Amino acid sequence: NVREKVALIGSGNWGTVISKIIGNNVMRYKEFHQEVKMWVFEEKVGGRNLTELINEKHENVKYLPGFPIPENVKALPDLSEVVRDATVLVFCIPHQFVPKTCDQLKGKINPKAKAISLVKGFETDETGIRPMSHAISESLNIPVCSLSGANIANEIAEEHFSETTIGYNNLEEGELFKKLFETKYFRVGIIDDVVGVQLCGALKNVIAIGAGFVDGLKLGENAKAAIIRIGFFEMKQFMKKFYGGIKDETFFESCGIADVIATCYGGRNRKVAEKFVTTGKSFDQLEEELLNGQKLQGTLTVKEIHRVLSSKGINDEFKLFTTIYRIAFEGLPPKSIVENID
Ligand code: NAD
Ligand code: 13P
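Note on numbering: residues in each chain are counted from 1, in written sequence order. By the order in which they are written, chains take letters starting at A while ligands take numbers starting at 1. Where totals are concerned, whole chains, interfaces and linings use all residues; where local detail is concerned, this predicted model gives features only for residues with pLDDT of at least 70, and gives and counts side-chain atom pairs only at 80 or more. Note that the side-chain values use all heavy atoms of the structure and ignore hydrogens as well as water.

## Observations concerning the side chain of Ser133
Each helix corresponds to a stretch of at least 4 residues labelled H or I by DSSP, and each strand to a stretch of at least 2 residues labelled E; elements are numbered beginning at the N terminus. Mapped onto the secondary structure, Ser133 falls in helix H5 (residues 132–140). Between buried and exposed lies partly exposed: a residue is buried under 20% and exposed over 50% of the maximum accessible area for its type, with that area taken using a 1.4 Å probe on protein chains only. Taking the relative accessible area as the measure of exposure, Ser133 reaches 1% and is therefore buried. One polar contact links Ser133 to Gln198, side chain to side chain, over a distance of 2.6 Å. Excluding residues that lie within four positions of it along the chain, Ser133 makes contacts with Val144, Cys145, Val194 and Gln198. Here a polar contact is taken to be a pair of N or O atoms separated by no more than 3.5 Å, where protein atoms must pair a possible hydrogen donor with a possible acceptor and residues adjacent in sequence count only if both atoms sit in side chains. What makes two residues a contact is simply this: any of their non-hydrogen atoms within 4.5 Å.

See the structure below:
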């Protein structure tokens, strides 16, 4: 029996928590080789390379300070070295970096490898949206599953209980990935809906920006619940409009309603959107000032959705999403969040 060799592509806030989870799990199961190589987008921290600091301290001092990384996780700055011989690729980078990263991987990976995307975002053009699993799969010619859920990284680093959802292409892959990710505190549900799982993960970030506006305006919990309800409805409409085959059940897994709630209360998108209202600064400036290198996904997704809706002339069918865009990028007063919706 050949053991699966796991490569983790990404080492931000969530990527680092995942390195802990899969670093421990590959030691538990005979299906896996016991080392995990982790790609770090190299940068200097206090004058030293982040990869060196991670390998020396077994801690990601920049993106997840204070939590140990298992010693069998090896941080590397060179993508080709990370994926060499790997049979399982775990993608956990902000979605805007996926195309370039895949370009760098072309011709470097094992053609029999399989992948799973933990990325929350998608690509768009005038004709519609392309889920990250498809972007990766088409670029590298390998099968790609998805994982998404109500998963605020720091809480999982603390080993507080949470659930997540894996979308699989075939059951065998789904079960292998469940083994790789599940722990006592991180419970994995699996469903054969690769696209549905990840699109929920991308779109809930948009709702969280709306929730952050409501928090910034101090409109209270009823208003926030209304934004969550309407946002959930538009998320469902949007997904069904752009993709056939999405399952209704997916919306009620951790990747669906649960992640909408978690992100609208505890996520970075919510937090920065609240500050957008209270400070009047731009999202780019706030991301820079507040997140120490971590990236917002929701602001890009808001723009990407707007582009697609505009090119199809259907903004009116998505009043909340459109209003969130106009507040964030066209100077519409934040109060419109509750005035422009039916
Ligand atoms: P992060 O936002 O904490 O960190 C940003 C990462 O991007 C860093 O590792 C940085 O080195 C890297 N980076 C910067 N420039 C880059 C470039 N040009 N090319 C490649 N990488 C570059 O990262 P994260 O929280 O691990 O997020 C990764 C994905 O996981 C996102 O799609 C996010 O939505 C999703 N996610 C995050 C959480 C969370 O709570 N943090 C939870 C679930 C899912
Ligand atoms: P934020 O990127 O808004 O922090 O959301 C994290 C997340 O995806 C929780 O499931």
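This is not the end of the story, as more comes after the structure.
## A look at the packing of aromatic side chains
What counts as a ring pair is set by centres within 6.5 Å for rings of Phe, Tyr and Trp (its six-membered ring), and what kind of pair is set by the plane angle: stacked under 30 degrees, edge-to-face over 60, tilted for all other angles. Here the structure, examined in full by the defined rule, presents 14 aromatic pairs. Judged by centre distance (6.2 Å) and plane angle (80°), the rings of Trp39 and Phe41 are edge-to-face. We classify Phe41 as exposed; its relative accessible area is 63%. Through pairs of rings, three or more aromatic residues link up here, namely Phe122, Phe238, Phe242, Phe318 and Phe321.

## Structural notes on the site of ligand 1
The environment of ligand 1 is made up of 24 residues, and the closest members are Asn13, Lys120, Ala153, Lys295 and Gln297. A distance of 2.8 Å separates an oxygen atom of ligand 1 from a polar backbone atom of Asn13. The contact in question runs from an oxygen atom of ligand 1 to an N or O atom on the backbone of Lys295, over 2.8 Å. Against a free-state accessible area of 840 Å², the protein chains account for coverage of 90% of ligand 1. No other element matches the three residues that helix H1 (residues 13–28) contributes to the shell around ligand 1. A single heavy atom is enough: if one lies within 4 Å of a molecule or strand, its residue is considered near that molecule or strand. Note on areas: Shrake-Rupley with a 1.4 Å probe; residue coverage comes only from the protein chains shown.

## Some words on unusual backbone geometry
At Asn141, a position not held by glycine, the phi torsion is positive, near 60°. Mapped onto the elements of the fold, Asn141 is located in the loop between H5 and strand E10 (144–148). Unusually for a residue other than glycine, Glu159 sits at a positive phi of about 65°. Following the sequence through the fold, Glu159 ends up in the loop between helix H6 (153–157) and strand E11 (162–167). Residue class for Glu159 comes out partly exposed when judged on its relative accessible area of 43%.

## A short note on the confidence of the model for the chain
Every residue gets a pLDDT, meaning the predictor's confidence in that residue, from 0 to 100. Across the chain, the average pLDDT comes to 97, with 100% of residues at 70 or higher. ipTM for the predicted complex: 0.99, alongside a pTM of 0.98.

## Things to note about the sheet that holds E10
When DSSP finds two or more bridges between a pair of strands, those strands are recorded as paired. What the eight strands build is an open sheet, ordered E5-E2-E1-E6-E7-E10-E11-E12; its pairing is mixed. Because the sheet does not close on itself, it has two edges, and the strands there are strand E5 (73–76) and strand E12 (186–191). Adjacent strand axes in the sheet meet at a mean angle of 25°, parallel and antiparallel pairs treated alike. In terms of strand pairing, E10 meets E11 through three bridges, oriented antiparallel. Of the residues in E11, the one forming a bridge with Ser146 is Gly167. What counts as an axis is a line fitted to C-alpha atoms, over the stretch in contact for a helix, and the angles between N-to-C directions run from 0 to 180 degrees. Its contacts with the sheet place helix H8 (residues 194–217) against E10, E11 and E12, and it is angled at close to 40° to E10.

## Some thoughts on the nonpolar core
Formed by 51 residues in total, the largest nonpolar core has its most connected members in Phe213, Met235, Phe238, Phe283 and Phe321. With 12 residues, H8 is the single largest residue contributor to this core. If sequence neighbours within four positions are ignored, Met235 has contacts with Cys200, Leu203, Lys204, Ile207, Phe251, Gly256, Val260 and Phe321. Only buried residues count toward a nonpolar core. Its members are Ala, Val, Leu, Ile, Met, Phe, Trp, Tyr and Cys residues joined through side-chain atoms within 4.5 Å. Residues Val17, Val40, Ile116 and Cys145 belong to the second largest nonpolar core, which totals 39 residues.

## Remarks on the pattern of salt bridges
Throughout this description, the term salt bridge denotes a Lys or Arg side-chain nitrogen within 4 Å of a carboxyl oxygen of Asp or Glu. Tallying each qualifying case throughout the model produces 22 salt bridges. One salt bridge in this structure joins Glu138 and Arg130, with 2.4 Å as the shortest N-O distance. For Glu138, a relative accessible area of 54% gives the class exposed. One salt bridge connects Lys224 with Asp215, and the closest N-O pair in it is separated by 2.8 Å. Like Asp215, Lys224 is buried. Linked by salt bridges that have partners in common, Asp215, Lys224, Arg270 and Glu274 make up one network.

## Digging into the site of ligand 2
Neighbouring ligand 2 are the residues Lys120, Gly149, Ala150, Asn151, Ile152, Lys204, Asp259, Thr263, Gly267, Arg268 and Asn269. For ligand 2, an oxygen atom lies 2.8 Å from a polar atom in the side chain of Lys120. Between ligand 2 and the protein, one listed contact pairs an oxygen atom with a backbone N or O atom of Gly149 at 3.0 Å. When residues of the shell around ligand 2 are traced back to their parent elements, those giving at least two are helix H10 (254–266) and helix H11 (268–279).

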